[in-house]
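Structural features, examined
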Amino acid sequence: MATSETKMADTGDRIFIGKSEQPAWLTLGLANRHGLVTGATGTGKTVSLQVMAEGFARAGVPVFAADIKGDLSGIAEVGEPKDFILKRAAEMGLAFQPDQFSTVFWDVFGEQGHPVRATVTEMGPLLLSRMLDLNEVQEGVLNVAFRVADENGLTLIDLKDLRSLLDAIVPAGKKAADADEDALAPIRKAAQAFGNVTRATVGTIQRQLLVLENQGASQFFGEPALILKDFMKTDSDGRGMVNILVADKLMESPRLYSTFLLWMLSELFEELPEVGDLPKPKLVFFFDEAHLLFTDAPKAL
């Protein structure tokens, strides 16, 4: 359950984090810095994250949080005045006030929240190559495929589209190449204009795509594609919306999780220009249990 012990402690330009001998604050104007919360199991890392998320939301800042254990979902419910909470609030000189926050749940698999989608075209050859761990030659062939698609007005929506395009740019056998009815001849010719595309290289890329598909990527690639502005909203009270990515199942598909995060972060860098220290952030990201996410992630992420 979400509890807002700090509601009265927040001010317009800073949010309350906690209190020991002295209160700890986070200045909103400096909140665009990267931060890290560390500690042993049970020391309150996730609670600290939730307190900050509530503070940002109250200040009108939208929040995105990747939740792999389900601990953050309680932010959508009104807190209960339990004895240990009341005692702790009294020790800190705070009045306990139950609260809840406007929350939107997202799920790449579309099972426990709104589905998250992106098209293959939006992902682009660079990010896709990083996620598939392609070498320089394989990455070059993937770039050729995207270039051919662009020049021929072919939209790549899902992985089936990409597979079909890769098959199309492979040089045909002699019999097929001599056939007047070969509808793929213009695409093959366009691909060969950028260099030699071998069947072996395309086969390797196809096998890497299969690994991604086996982790559920078919559910991520498609339409309608997510617009990042969907994360950057406030509710009717002017509070920032709390966006929670349900990631308990997604953690079992590390390559798919990395694909999603790389795409989302690249979209943020592309759509949000460098602005320096604003009075408060436009969007705040939290990654709970980050060590589990990034330990075996690709270097690009």
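Residues numbered from 1 in each chain as written. Predicted model: local features only at pLDDT ≥ 70, side-chain atom pairs only at ≥ 80, totals over all residues. Heavy atoms only, no water.

Where helix 4 (residues 136-151) meets helix 5 (residues 159-169), the axes come as close as 10 Å, and the angle between the chain directions of the two elements is 100°. The pairing of helix 4 with helix 5 is recorded here as roughly perpendicular in orientation. Facing Val141, Leu142, Ala145, Phe146 and Ala149 of helix 4, the residues of helix 5 in contact are Leu162, Leu165, Leu166 and Ile169. Class assignment for the residues of the contact of helix 4 with helix 5 results in nine nonpolar, no polar and no charged. (Axes fitted to C-alpha atoms, helices over the stretch in contact; angles between N-to-C directions. Helix = DSSP H or I, 4+ residues; strand = E, 2+ residues; numbered from the N terminus. Parallel < 35°, antiparallel > 145°, perpendicular 65-115°, else oblique. Contact = heavy atoms within 4.5 Å. Nonpolar A, V, L, I, M, F, W, Y, C, P; charged D, E, K, R; others polar.)

The end-to-end C-alpha distance of helix 3 (residues 120-131), which contains 12 residues, comes to just 13 Å, noticeably less than the 16 Å that a straight helix rising 1.5 Å per residue would cover. The complete set of buried residues in helix 3 reads Val120, Met123, Gly124, Pro125, Leu127, Leu128, Ser129 and Met131. Positive backbone phi, approximately 55°, marks aspartate 133, located one or two places after helix 3. (Expected span 1.5 Å × (residues − 1). Buried < 20%, exposed > 50% of the residue type's maximum accessible area, 1.4 Å probe, protein only.)

To continue, consider the layout of surface pockets. Here the largest pocket defines a volume of roughly 1600 Å³. In this structure, the largest pocket is lined by 40 residues; those nearest its centre are Ala31, Asn32, Arg33, His34 and Phe285. Listed by contribution, the elements that provide at least two residues to the lining of the largest pocket are helix 1 (45-58), helix 10 (254-271), strand 9 (284-287) and helix 11 (290-294). Counted by class, the lining of the largest pocket contains 25 nonpolar, eight polar and seven charged residues. (1 Å grid on protein atoms, 1.4 Å probe; cavity = no way out; pocket = protein on both sides within 12 Å on 5 of 7 lines; lining within 4 Å. Points joined across faces, edges and corners; volume = space filled by probe spheres on them.)

What follows is about the sheet that holds strand 9. Strand order in the open sheet formed by five strands is 7-6-8-4-9, and the pairing between neighbours is parallel. The strands lining the two open edges of the sheet, one partner per strand, are strand 7 (114-115) and strand 9. Relative to strand 8 (residues 242-246), strand 6 (residues 103-107) runs parallel, the two being bridged by four bridges. Across the sheet, tryptophan 106 pairs through a bridge with leucine 245, a residue of strand 8. (Pairing = 2+ DSSP bridges.)

Examined against the element boundaries, aspartate 235 turns out to sit in the loop between helix 9 (217-220) and strand 8. Arginine 239 provides the closest opposite charge to the buried, unpaired aspartate 235, separated from it by 5.5 Å. At 2.9 Å, the side chain of aspartate 235 and the backbone nitrogen of aspartate 237 are in polar contact. When neighbours within four sequence positions are excluded, aspartate 235 is seen to be in contact with Ser102 and Met241. (Lys, Arg positive; Asp, Glu negative; His and termini not counted. Salt bridge = Lys/Arg side-chain N within 4 Å of Asp/Glu carboxyl O. Polar contact = N/O pair within 3.5 Å; in protein donor to acceptor, adjacent residues only side chain to side chain.)

Okay, the confidence of the model for the chain next. Scored by pLDDT, the chain has a mean of 83; 89% of the residues are at 70 or more. Contacts for the low-pLDDT stretch residues 1-8, under 50 throughout, to residues beyond four places or in other chains number 36 contacts. (pLDDT = per-residue confidence, 0-100.)

Here we take up the packing of helix 3 against helix 4. Where helix 3 contacts helix 4, the axes come no closer than 9 Å and their chain directions differ by 165°. Taken as axis vectors, helix 3 and helix 4 run roughly antiparallel relative to one another. Regarding helix 3 and helix 4, the two cross each other, and that crossing is left-handed. Of the residues in helix 4, those in contact with Val120, Thr121, Gly124, Pro125, Leu126, Leu128, Ser129 and Arg130 of helix 3 are Glu139, Leu142, Asn143 and Phe146. Split into classes, the residues belonging to the contact of helix 3 with helix 4 amount to six nonpolar, four polar and two charged. (Left-handed = near helix turned anticlockwise from the far one by under 90°.)

Our focus in this paragraph is empty space enclosed by the protein. Taken as a whole and judged by the stated rule, the model has one cavity of 30 Å³ or more. Of the pockets and cavities examined, the largest cavity occupies roughly 40 Å³. Around the largest cavity sit Leu49, Gln50, Ala53, Ala65, Leu72, Ile75, Val242 and Ile244, which together line it. For the lining of the largest cavity, the elements supplying multiple residues, two or more each, are helix 1 and strand 8. Counting residues per element, the lining of the largest cavity draws most heavily on helix 1, which supplies three residues. Its residues assigned to classes, the lining of the largest cavity shows seven nonpolar, one polar and no charged.

Next up on the list: a negative patch on the surface. A cluster of acidic residues, Glu122, Glu223, Glu270 and Glu271, forms a negative patch at the surface. Within the secondary structure, glutamate 122 sits in helix 3. (Patch = residues over 30% accessible without salt bridge, like charges linked within 9 Å, V, L, I, M, F, W, Y side chains within 5 Å. Areas by Shrake-Rupley, 256 points an atom, 1.4 Å probe, with all protein chains shown as cover. Charge placed at Lys NZ, Arg CZ, Asp CG, Glu CD.)

The way to describe two aromatic rings as a pair is by their centre distance and the angle between their planes. Scanning all chains against the criterion turns up 10 aromatic pairs. Their ring planes at 65° and their centres at 5.1 Å tell us that phenylalanine 220 and phenylalanine 221 sit as a pair that is edge-to-face. Exposure class is identical for phenylalanine 220 and phenylalanine 221. Each is buried. With a centroid separation of 6.0 Å and an interplanar angle of 90°, the aromatic rings of phenylalanine 220 and phenylalanine 260 are classed as edge-to-face. In this pair, phenylalanine 220 is assigned in helix 9 and phenylalanine 260 in helix 10, connecting sequence segments 40 residues apart. Taken together, the aromatic side chains of Phe64, Trp106, Phe231, Phe285 and Phe287 make up a single cluster linked through ring pairs. Over the aromatic face of tryptophan 25 sits the side chain of arginine 14, whose NZ or CZ is 3.7 Å from the ring centroid. The residue whose ring lies beneath lysine 249 is phenylalanine 109, and the NZ or CZ to ring-centre distance is 4.6 Å. (Phe/Tyr/Trp six-rings, centres within 6.5 Å; stacked < 30°, edge-to-face > 60°. Lys NZ or Arg CZ within 6 Å of the ring centre and 35° of its normal.)

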